[in-house]
Amino acid sequence: MKLVAAVKLLPTPDQARCLRATLARCNEAATWLAAAGHAADMRRQFDMHKMAYAEMRTRFGLAAQMAVRTIAKVADAFKVNRTVAPVFRPDAAQPYDERILRFVQDGAAVSLWTLEGRMVLPVVMGEHQKRLMAFRKGEVDLCLVRGKWFLAATCDVPETEEFQAEDWLGVDLGIVTLAADSDGRVYSGADVERVRSRLASRKAGLQRRGTKGAKRCLRKLAGKESRFRKHTNHCLSKVIVQTTERTGRGIALEDLKHIRGRVTARRSQRSRLHSWSFAQLRAFVAYKAKRVGAPVVVVDPRYTSQACSCCGAIDKRNRPDQATFSCLSCGHTEAADTNAARNIRQRALRVRGTVMAPDVLAA
Ligand SMILES: [Zn+2]
């Protein structure tokens, strides 16, 4: 399984200036080469190398291997679209291979080629990155993202063989809370909701203004919101997968295709649910589960919110309000999302061939 590790670099202001100049020069050379290759009808790495390698070095001052990597970058861009000559932004990512970038000081720093020669920069790696980096394959990309420097490294992480799950953790996504599981744990959306509504009101204000500056702010805000969502989904999926891994269970989710249709929330809640990216959350759960070998099963979501997880009775009136489940037949009462998560678990048990009596499940 291919995953990308992002390793943060900590350049001094002077070093950052030099990195920026290096990136700009490489991209200037790439843009020039793309135009020249396009004009000469040469788009393959081999042809462009023969045509322009010497000039890439003398005209732009690139080191031998830097010229080679830049030619490869342009050839890759032509593979995607050969009808136009690509123009590279001055801060577009630049590939480095082991001849122009090496990890030194036991992985605590990198030594890389710049316009001013070799430069040694400290790196920051968390436990997650360290684990991934053990499986690093080939090149890394030097990237500048919102003023911060990173190396993006593709890592080919071996997949763990999927284990046999005897039981499942049912997870219900986003009715009242962000998620609830069949153990009764609730993954509160309280701080998510706080951030979301704060961003929403700022957005509304900017939309009313409608000026050019306001539009720029809106774009920035959209980026902020999507990064926040992504971060939250990462944390949430991590906790879910760790819980199942620890207890040797699989993960049961609802078939997402139906989730919007199923939820008949009030208008205020509708905006909240639909602005959350459950597809992303589910994708994160799936790949994190794959990494630890936990099976994931997807179940039919019909009536999971109206059915009683104790006696199985289905009735719309079992939901006196959004947050509560209260069974008219047996009196079982609990948080609506938890009840739904328990139903999801039971369905997973049925799908995988194990049927348990409802009263066993309730215990
Ligand atoms: Zn009941």
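Residues numbered from 1 in each chain as written. Predicted model: local features only at pLDDT ≥ 70, side-chain atom pairs only at ≥ 80, totals over all residues. Heavy atoms only, no water.

On to the overall build of the protein chain. Helix and strand counts for the protein chain stand at 11 helices and 14 strands. Its C-alpha atoms give the protein chain a radius of gyration of 26 Å, clearly above 21 Å, the size a compact globule of 363 residues would have. Looking at the 363 residues of the protein chain, the share that counts as buried comes to 43%. Contacts spanning at least 24 positions in sequence make up 64% of the contacts within the protein chain whose residues lie at least 6 apart. Element-wise, carbon and sulfur atoms account for 52% of the exposed surface of the protein chain, whose accessible area totals about 19,200 Å². (Helix = DSSP H or I, 4+ residues; strand = E, 2+ residues; numbered from the N terminus. Rg over C-alpha atoms; globule rule 2.2 N^0.38 Å. Buried < 20%, exposed > 50% of the residue type's maximum accessible area, 1.4 Å probe, protein only. Contact = heavy atoms within 4.5 Å. Areas by Shrake-Rupley, 256 points an atom, 1.4 Å probe, with all protein chains shown as cover.)

The next thing to look at is the sheet that holds strand 2 (residues 94-96). Pairing is antiparallel in the open sheet, where seven strands are placed in the order 2-6-7-1-5-4-3. On the outer flanks of this sheet lie strand 2 and strand 3 (101-104), each paired with one strand and no other. Averaged over neighbouring strand pairs, the angle between their axes works out to 35 degrees when direction is ignored. Against the sheet, helix 3 (residues 64-80) engages strand 2, strand 4 (109-114) and strand 6 (136-145), with an angle of about 130 degrees to strand 2. (Pairing = 2+ DSSP bridges. Axes fitted to C-alpha atoms, helices over the stretch in contact; angles between N-to-C directions.)

A word on the sheet that holds strand 11 (residues 250-254). Where strands meet in a sheet, backbone hydrogen bonds hold them as pairs that are either parallel or antiparallel. A sheet is described by the order of its strands in space; here five strands give the open sequence 10-9-8-11-12, paired in mixed fashion. Strands at the two margins of the open sheet, each flanked by one partner only, are strand 10 (186-187) and strand 12 (296-299). In the sheet, strand 8 (residues 168-173) pairs with strand 9 (residues 179-181) via three bridges, with the strands oriented antiparallel. In the sheet register, L173 faces strand 9, and the bridge partner there is A179.

On the surface, K8, R146, K148, R194, R198, R202, K212, R216, R219, K220, K224 and R227 cluster together to form a positively charged patch. Going through the elements one at a time, helix 5 (190-209) and helix 6 (212-247) are the ones with two or more residues in the positive patch. Sorting elements by how many residues they give to the positive patch places helix 6 first, with six residues. Along the chain, the position of R194 falls in helix 5. By relative accessible area, R194 is classed as exposed at 56%. (Patch = residues over 30% accessible without salt bridge, like charges linked within 9 Å, V, L, I, M, F, W, Y side chains within 5 Å. Salt bridge = Lys/Arg side-chain N within 4 Å of Asp/Glu carboxyl O. Lys, Arg positive; Asp, Glu negative; His and termini not counted. Charge placed at Lys NZ, Arg CZ, Asp CG, Glu CD.)

Looking now at helix 2 (residues 45-60). Look at helix 2: only 18 Å from first C-alpha to last across 16 residues, short of the 22 Å you get at 1.5 Å a residue. The sharpest bend along helix 2 reaches about 60 degrees and sits at A52. Residues of helix 2 that are buried sit in contact with helix 1 (13-39) and helix 3. Directly beyond the C-terminal end of helix 2, a positive phi value near 70 degrees is found at G61. (Expected span 1.5 Å × (residues − 1). Bend = angle between axes of the 7 residues up to and from the residue.)

Once that is clear, we can look at the coordination of the zinc ion. Octahedral six-donor coordination of a metal ideally yields angles of 90 or 180 degrees, compared with 109.5 degrees for tetrahedral four-donor coordination. All of the protein donors around the zinc ion are C308 (SG), C311 (SG), C327 (SG) and C330 (SG); their distances to the metal are 2.2 to 2.3 Å. Taken together, the four donor atoms coordinating the zinc ion and their angles of 105 to 115 degrees define a geometry best described as tetrahedral. Taken in chain order, the donor set of the zinc ion reads C-x2-C-x15-C-x2-C. (Donors = N, O, S within 2.8 Å, 3.2 Å for Na, K, Ca; no water. Tetrahedral: all angles 85-135°; square planar, octahedral: opposite > 155°, others 65-115°.)

In terms of nonpolar packing, the biggest core is built from 48 residues, with M56, L62 and Y96 touching the most fellow members. For this core, the element with the highest residue contribution is helix 1, accounting for nine residues. Discounting residues that sit within four places of it in the chain, L62 has contacts with R25, C26, A29, M56, R57, A67, T70 and W113. Core analysis: the next-biggest nonpolar cluster, separate from the first, contains 17 residues, L173, Y187, V192 and F278 among them. (Core = buried A, V, L, I, M, F, W, Y, C linked by side-chain atoms within 4.5 Å.)

Relative to the helices and strands, G126 resides in the loop between strand 5 (117-124) and helix 4 (127-133). The spatial distance from the C-alpha of G126 to the C-alpha of V7 is 8.6 Å, given a sequence separation of 119 residues.

With the rule as written, the count across this model stands at 17 salt bridges. With its nearest N and O atoms 3.9 Å apart, the salt bridge here joins E127 to K130. Of the two residues, E127 and K130 both sit in helix 4, three residues apart, roughly one turn of that helix. Taking the relative accessible area as the measure of exposure, E127 reaches 53% and is therefore exposed. For R185, the salt bridge identified is with D181, shortest N-O distance 2.6 Å. On the basis of relative accessibility, which here comes to 32%, the residue R185 falls in the partly exposed class. By relative accessible area, which is 0% here, D181 ends up buried. When salt bridges that share partners are traced, they join R69, D97 and E139 into one network.

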